[in-house]
Amino acid sequence: MDFNVKKLASDAGVFFSRAVQFTEEKLGQAEKTELDAHFENLLARADCTKNWTEKILRQTEVLLQPNPSARVEEFLYEKLDRKVPSRVTNGELLAQYMTEAANDFGPGTPYGKTLIKVGETQRRLGAAERDFIHSASINFLTPLRNFLEGDWRTISKERRILQNRRLDLDACKARLKKAKAAEAKAAAEHELRLTQTEFDRQAEVTRLLLEGINSTHVNHLRCLHEFVESQTNYYAQCYQYMLDLQKQLGSSKGEIFSGTFVGNAESTSPAAATSPPAVAAATVPAVPTIPVVPTIVGVPNTVAEGVLNPNEVKPPASGTRKARVLYDYEAADSSELALLADEMITVYSLPGMDPDWLIGERGNQKGKVPVTYLELLS
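Residues numbered from 1 in each chain as written. Predicted model: local features only at pLDDT ≥ 70, side-chain atom pairs only at ≥ 80, totals over all residues. Heavy atoms only, no water.

**Focus: the overall build of the protein**
- Within the protein one finds nine helices and five strands.
- Going from N to C terminus, the protein has its helices and strands arranged as α-α-α-α-α-α-α-α-α-β-β-β-β-β.
- A buried classification covers 28% of the 378 residues belonging to the protein.
- Within the protein, contacts between residues separated by at least 24 positions form 67% of all contacts whose residues are at least 6 apart in sequence.
- Per element, the accessible surface of the protein, about 24,700 Å² overall, is 59% carbon and sulfur. (Helix = DSSP H or I, 4+ residues; strand = E, 2+ residues; numbered from the N terminus. Buried < 20%, exposed > 50% of the residue type's maximum accessible area, 1.4 Å probe, protein only. Contact = heavy atoms within 4.5 Å. Areas by Shrake-Rupley, 256 points an atom, 1.4 Å probe, with all protein chains shown as cover.)

**Some thoughts on the pattern of salt bridges**
- Here the structure, examined in full by the defined rule, presents 17 salt bridges.
- Arg 145 serves as the salt-bridge partner of Glu 61, at 2.8 Å between the closest nitrogen and oxygen. Of this pair, Glu 61 sits in helix α2 (residues 37-64) while Arg 145 sits in helix α5 (residues 110-178), and the two are 84 residues apart along the sequence.
- Overlapping salt bridges bring together Arg 58, Glu 61 and Arg 145 as one network. (Salt bridge = Lys/Arg side-chain N within 4 Å of Asp/Glu carboxyl O.)

**A closer look at a nonpolar patch on the surface**
- Residues Val 88, Leu 93 and Tyr 97 make up a contiguous nonpolar surface patch of roughly 290 Å² in combined accessible area.
- Inspection of the secondary structure puts Leu 93 in helix α4 (residues 90-105). (Patch = residues over 30% accessible without salt bridge, like charges linked within 9 Å, V, L, I, M, F, W, Y side chains within 5 Å.)

**Digging into the packing of α2 against helix α6 (residues 182-211)**
- At a minimum axis separation of 9 Å, α2 and α6 run at an interaxial angle of 50°. Relative to α6, the element α2 lies oblique. Here the hand of the crossing between α2 and α6 comes out left-handed. Along its contact with α2, which presents His 38, Phe 39, Leu 42, Leu 43 and Ala 46, the element α6 presents Ala 203, Thr 206, Arg 207, Leu 210 and Glu 211.
- Taken together, the residues of the contact of α2 with α6 sort by class into six nonpolar, two polar and two charged. (Axes fitted to C-alpha atoms, helices over the stretch in contact; angles between N-to-C directions. Parallel < 35°, antiparallel > 145°, perpendicular 65-115°, else oblique. Left-handed = near helix turned anticlockwise from the far one by under 90°. Nonpolar A, V, L, I, M, F, W, Y, C, P; charged D, E, K, R; others polar.)

**With respect to the environment of Arg 193**
- Structurally, the position occupied by Arg 193 is in helix α6.
- On the basis of relative accessible area, Arg 193 is assigned to the exposed category, the value being 52%.

**Section: the nonpolar core**
- One finds Phe 132, Phe 140 and Leu 210 to be the most contacted residues of the largest nonpolar core, which totals 32 residues.
- Elements with a minimum of two residues in this core: α2, α5, α6 and α7 (213-274).
- It is α5 that provides the largest number of residues to this core, a total of 15 residues.
- Apart from the residues lying within four places of it in its own chain, the contact partners of Phe 140 are Ile 56, Thr 60, Ser 135, Cys 223, Leu 224 and Phe 227.
- Counting 17 residues, the second-largest nonpolar core is a separate cluster that includes Leu 243, Val 347, Leu 350 and Tyr 373. (Core = buried A, V, L, I, M, F, W, Y, C linked by side-chain atoms within 4.5 Å.)

**Notes on the sheet that holds strand β3 (residues 357-362)**
- The strand order across the open sheet formed by five strands is β4-β3-β2-β1-β5, and the pairing between neighbours is antiparallel. Strand pairing shows two members of the sheet lacking a second neighbour, β4 (365-370) and β5 (374-376), which therefore form its edges. When the angles between neighbouring strand axes are averaged without regard to direction, this sheet yields 40°.
- The pairing of strand β1 (residues 321-325) with strand β2 (residues 344-348) spans four bridges and is antiparallel. Looking at β2, one finds that Arg 321 is bridged to Val 347. (Pairing = 2+ DSSP bridges.)

**Quick notes on the environment of Glu 31**
- Its place among the elements puts Glu 31 in the loop between α1 (2-26) and α2.
- Residue class for Glu 31 comes out exposed when judged on its relative accessible area of 59%.
- Linking Glu 31 and Asp 170, residues 139 residues apart in sequence, is a C-alpha distance of 7.1 Å.
- Apart from the residues within four sequence positions on either side, Glu 31 is in contact with Gln 21, Glu 25, Asp 170 and Lys 177.

**Digging into the packing of aromatic side chains**
- All told, the structure shown has 10 aromatic pairs when counted by the stated rule.
- Ring geometry for Tyr 234 and Tyr 235: centres 5.2 Å apart, planes at 45°, overall tilted.
- Relative accessible area serves as the criterion here: at 13%, Tyr 234 is assigned to the buried category.
- Measuring from centroid to centroid gives 6.0 Å for Tyr 327 and Tyr 373, while their planes differ by 90°, and the two rings are edge-to-face. (Phe/Tyr/Trp six-rings, centres within 6.5 Å; stacked < 30°, edge-to-face > 60°.)

**Focus on the pairing of β3**
- Within β3, five of the six residues are buried, leaving the element largely enclosed by the surrounding structure.
- Judged from the three bridges that link them, β2 and β3 form a sheet pairing that is antiparallel. Across the sheet, residue Val 347 finds its bridge partner in β3, namely Gly 360.
- Where β3 and β4 come together, six bridges link them in antiparallel fashion. Bridge pairing links Arg 362 to Gln 365 in β4.
- Connecting the antiparallel pair β3 and β4 is a turn made up of two residues, with Gly 363 showing a positive phi of about 65°.

Here's what the structure looks like:
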């Protein structure tokens, strides 16, 4: 018990001495041991690394999970060392709603079929998003968090110890200056040598830790490359999924609308034959309504109607362009032209064509090609 009281008194004396030294330094009444320029640069670099790592970590968490409540929930689960429950992504939830709506409207109807197709694509997008979040969390967020919760805490602790050692050293220097008697002066010099040794040892330990920030940057650089790679794969998947969906919808769009028009004509014809207005109209000479089809010079009418015979298509006198193929494309039928990535072809448009398609030529081969697979050149 007596030893503990003495230790407590000693610790209180050291704390008081440091407080006095710190206060006098702030007031300009005491000298302060300055660290060398290299050490100060290491300290500034470490502080900069810590501050920007925190900001990048927080904003990446916002990017991966925009919902603040969900982020707080995940944080609490991590602190409690419990597994974070699986959460449905927005794309997967939208896919569920679209599928349920298609079942209510009728999966065999044009709207129901399209809802099912779009819903399936949304489900795949949601699954890709889940994989991206998981990959980014492991390969990018975890290393950043480990630095802040591990290495940086060690650096901060050693810096606080170094600060205390410096205050002790400067307090000893001040006592040595105030000592008058030879005995007191000798005791102050002995204490100064001990505190100087402790300060130098702690400065070396702290310096080695601060120089390790360079290794931290190298590690974070590698993690950043992995994050960019996973994000690139995610967006490439999403782009490919949407291209496939666009192709599916484009191929079925003509069938859907043609079926709708035919259905409307059939549903109105019986009523028109028996209704009084129709009988009255029968006494008036009927003027037939002819659909307006643009006349294309050098192109048969079958092109305007959507049936393309590549051998009968002639390029316009002007308006052809060069295009570079971005992705491989497999022709769906004989009217389309198969494409290989990075090849150069000649393309042009014809009046009455779907704006999502162009006529492509490669030597003697020609056919329709999707615009989304091309990079048009001047």
